[in-house]
Amino acid sequence: MKDDKQFEKDSSAEHVDEYLQTLGNEDARELRYYSQEQPFSSDEMTRLVNEERLNELLVQSDAFLSSLNGEIKDFDEDY
């Protein structure tokens, strides 16, 4: 039990040390961030995504972008 707690302390200290070393290095920080991503498998995505809601959101976003495009064209014509 004591070894587990010591391991946790060592592990945490190592992570903090690694993080502090990457603070000044933007490339290292970005690489560290992306290396921690947990990609979903296609089965997990199928299980997690509500396809009906996703389609509703896509329709709303298409309508919004179309409206925005019209507003931009009107703005350009006014000036």
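Check the entry above for the structure.
Per-chain numbering applies: the sequence of each chain, read as written, is numbered from 1 onward. Confidence filtering applies because this is a predicted model: local features only for residues at pLDDT of at least 70, side-chain atom pairs given and counted only at 80 or more, and all residues used for totals across whole chains, interfaces and linings. Side-chain measures here rest on the full set of heavy atoms in the structure, leaving out hydrogens and waters.

## Section: the overall build of the protein chain
At step 1: Labels follow the DSSP assignment, with helices taken as runs of H or I lasting at least four residues and strands as runs of E lasting at least two, numbered in each case from the N terminus. Per the secondary structure count, the protein chain includes four helices and zero strands.
At step 2: Taken from the N to the C terminus, the helices and strands of the protein chain come in the order α-α-α-α.
At step 3: For accessible areas, the Shrake-Rupley method is used with a probe of radius 1.4 Å. Any residue's cover is judged against the shown protein chains and nothing else. With an accessible surface of roughly 7,800 Å², the protein chain has 53% of that area assigned to carbon and sulfur atoms.

## Notes on a nonpolar patch on the surface
At step 1: Surface patches are defined over residues having more than 30% relative accessible area and no salt bridge, joining like charges when they lie within 9 Å and nonpolar side chains (Val, Leu, Ile, Met, Phe, Trp, Tyr) when within 5 Å. By convention in these notes, a salt bridge is any Lys or Arg side-chain nitrogen within 4 Å of a carboxyl oxygen on Asp or Glu. On the surface, Phe40, Met45, Leu48, Val49, Leu54 and Leu58 cluster together into a nonpolar patch covering about 540 Å² of accessible area.
At step 2: Among the secondary structure elements, those contributing two or more residues to the nonpolar patch are α3 (42-48) and α4 (51-78).
At step 3: Within the element layout of this structure, phenylalanine 40 appears in the loop between α2 (26-35) and α3.

## Examining the pattern of salt bridges
At step 1: A full pass over the atoms with the stated rule returns one salt bridge.
At step 2: A salt bridge links arginine 53 to glutamate 56, with the shortest nitrogen-to-oxygen separation between them at 3.2 Å. Separated by three residues within a single helix, arginine 53 and glutamate 56 lie in helix α4, roughly one turn from each other.

## What about the environment of asparagine 50?
At step 1: If you trace the backbone, asparagine 50 turns up in the loop between α3 and α4.
At step 2: Side-chain atoms alone can form a polar contact between residues adjacent in sequence; in general such a contact is a pair of N or O atoms within 3.5 Å, and within protein one must be able to donate a hydrogen while the other accepts it. There is a polar contact of 3.2 Å between the side chain of asparagine 50 and the backbone nitrogen of glutamate 52.

Note that all results are geometric; they support no functional claim without further evidence.
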